[in-house]
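Chains, contacts and geometry: an overview
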Amino acid sequence: MQHNVTRAALPLQRLAPRALYVHLPFCARQCPYCDFPTARLDRGLEDRYLEALGSELARRAPQGFAPRTVFLGGGTPAELTTPGIERLVALLGPFCRAAREVTLEANPRTLLPRKLAALRSGLGVTRVSLGAQSFSPPLLERLGRFHRPEDVVRAVATAREVGVEQVSLDLIFAVPGQGAAGLQADLAAALALRPDHVSLYCLTIEPGTAYAAAQAQGTLRPQPPGREARLFAQARRTLRAAGFEHYEVSNFARPGRRCAHNQVYWRNHPYLGVGNGAASHLSGERRTNLRDPAAYAACVEAGRDPAAERERLTPERKLRETAYLALRTSPGIVRRRFLRDCGVDPWAALGPELTRLEGLGLVRRDARRAWLTGRGVTLADAVGVEVL
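Notes on the structure in this doc start here. (Residues numbered from 1 in each chain as written. Predicted model: local features only at pLDDT ≥ 70, side-chain atom pairs only at ≥ 80, totals over all residues. Heavy atoms only, no water.)

1. So, the sheet that holds strand 10 (residues 279-282)
Reading across from one edge, 10-11-12 is the order of the three strands in this open sheet, with antiparallel pairing throughout. The open sheet terminates on both sides in strands that have one partner only, identified here as strand 10 and strand 12 (307-312). Direction aside, the axes of adjacent strands within the sheet are offset by 15° on average. (Pairing = 2+ DSSP bridges. Helix = DSSP H or I, 4+ residues; strand = E, 2+ residues; numbered from the N terminus. Axes fitted to C-alpha atoms, helices over the stretch in contact; angles between N-to-C directions.)

So this is what it looks like as structure tokens:
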């Protein structure tokens with residue numbers, strides 16, 4: 001349903017970007033469930049890629065750009081060679097000086113102390129996000145991971161030894177063959193490491209992945225939706241009982257340890273993304289770069305814009321995205337904040353949708369805000385379809 005929201009009714013997004021995402025695509029191997037734009041490490045490609053990354057930053061970063069948060073994702077950023085890390089520090093150092101949070105994604109098996117120490121001292125890394133995924137060797141093998149549970153223990157210790165302030169663990173649940181006992185064992189092993197943050201993702205079969213091919217051949221059968229929902233509810237109870245705040249559908253944090261960078265995305269605020277496959281949201285436009293690292297580097301080398309997709313957000317689209325993303329967080333749609341960010345009262349703009357979601361028991365609403373119920377959290381994607 002359209003609500004005749006005009007461009008005049010919505011203020012242009014005048015906020016300067018305060019977040020920087022840097023995509024570093026190199027991985028030792030592609031996991032069968034992963035559809036991220038990655039590549040095997042090659043010294044020649046590494047040199048070209050980092051040069052292109054610096055050129056894109058120089059061309060696209062707004063004048064005086066001083067991000068408050070920086071996120072190094074991938075891929076596995078710490079997979080870079082030692083000279084590559086030195087080059088990365090030289091490129092990003094000026095952008096990290098004013099950042100209050102610098103996050104590094106890492107594979108537990110390849111997080112070497114000397115590389116992390118160099119990134120900590122050179123870029124001021126404050127958070128390490130480790131792809132633990134599971135602590136069960138059979139499930140790790142099923143997920144195509146080559147690290148072992150003890151590698152996660154070692155990586156957490158390494159992060160703390162070099163002075164990284166926060167450690168986040170990624171876990172995947174509803175892997176074929178995982179039951180309630182297996183999930184509980186994974187959660188117990190993760191909590192024993194005293195992480196500051198846990199990201200919990202239901203296994204999703206993405207098109208074009210090895211898992212999608214296996215599903216098409218009948219050799220991989222995802223867990224039924226009802227079982228996924230029960231496992232998710234179990235995990236939420238366990239993490240909340242351990243003192244974690246469930247502050248976004250897939251994310252849990254100890255008090256004061258929420259990921260500031262990701263909250264920029266969930267507030268639908270502007271950010272700059274550089275590198276292959278990186279997305280940006282600037283001046284009311286959403287864009288995504290070419291996915292292939294070599295093609296991305298060649299495009300930048302030729303002086304061309306590496307964007308593969310661009311979308312100018314209409315006011316209607318902007319407010320609906322903002323509402324959907326807000327509903328994924330624990331505060332939900334905060335009426336006053338939404339009015340300030342979008343220039344429209346959400347109760348007026350989205351009244352029919354919110355009323356329908358309330359009637360289905362997926363959303364609750366009072367005078368100040370609207371938020372997901374427990375059932376709504378489980379069915380967050382369906383809520384998103386209704387709002388968008």
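2. Some points on the pairing of strand 10
Sheet topology note: the strand 10/strand 11 (residues 285-289) ladder contains four bridges and is antiparallel. Looking across to strand 11, one finds that Ser280 is bridged to Arg287. Counted along the chain from strand 10 to the antiparallel partner strand 11, the turn is two residues long, and its residue Ser283 has a positive phi close to 50°.

3. Description of the sheet that holds strand 15 (residues 369-372)
Taking strand neighbours across the sheet as the criterion, the three strands line up as 13-15-14 in an open arrangement whose pairing is antiparallel. Every other strand in the sheet has two partners, leaving strand 13 (333-334) and strand 14 (363-365) as the edge strands with one partner each. Judged from the three bridges that link them, strand 14 and strand 15 form a sheet pairing that is antiparallel. Across the sheet, Val363 pairs through a bridge with Leu372, a residue of strand 15.

4. Comments concerning unusual backbone geometry
With an omega of 15°, the peptide bond running from Gly74 to Gly75 counts as cis. On the secondary structure map, Gly75 appears in the loop between strand 2 (69-74) and helix 2 (82-96). The backbone of Arg194 sits at a positive phi, close to 55°, despite the residue not being glycine. Within the secondary structure layout, Arg194 lies in the loop between helix 6 (180-192) and strand 6 (197-202). Although it is not a glycine, Ser283 adopts a positive phi angle of roughly 50°. Relative to the helices and strands, Ser283 is located in the loop between strand 10 and strand 11.

5. As for the packing of helix 2 against helix 3 (residues 113-123)
Running from N to C, helix 2 and helix 3 point in directions that differ by 20°, and their axes come no closer than 9 Å. Taken together, the axes of helix 2 and helix 3 are roughly parallel relative to one another. Here helix 2 and helix 3 pass one another in a crossing that is right-handed. Two secondary-structure elements touch here, helix 2 through Thr82, Ile85, Leu88, Val89, Leu92, Gly93 and Cys96 and helix 3 through Arg114, Lys115, Ala118, Leu119, Gly122 and Leu123. Class assignment for the residues of the contact of helix 2 with helix 3 results in eight nonpolar, three polar and two charged. (Parallel < 35°, antiparallel > 145°, perpendicular 65-115°, else oblique. Left-handed = near helix turned anticlockwise from the far one by under 90°. Contact = heavy atoms within 4.5 Å. Nonpolar A, V, L, I, M, F, W, Y, C, P; charged D, E, K, R; others polar.)

6. Details of the pairing of strand 7 (residues 245-248)
Bridge count between strand 7 and strand 8 (residues 251-253): three bridges; the pairing is antiparallel. Bridge pairing links Glu248 to Asn251 in strand 8. The hairpin formed by strand 7 and strand 8 contains two residues between the paired strands.

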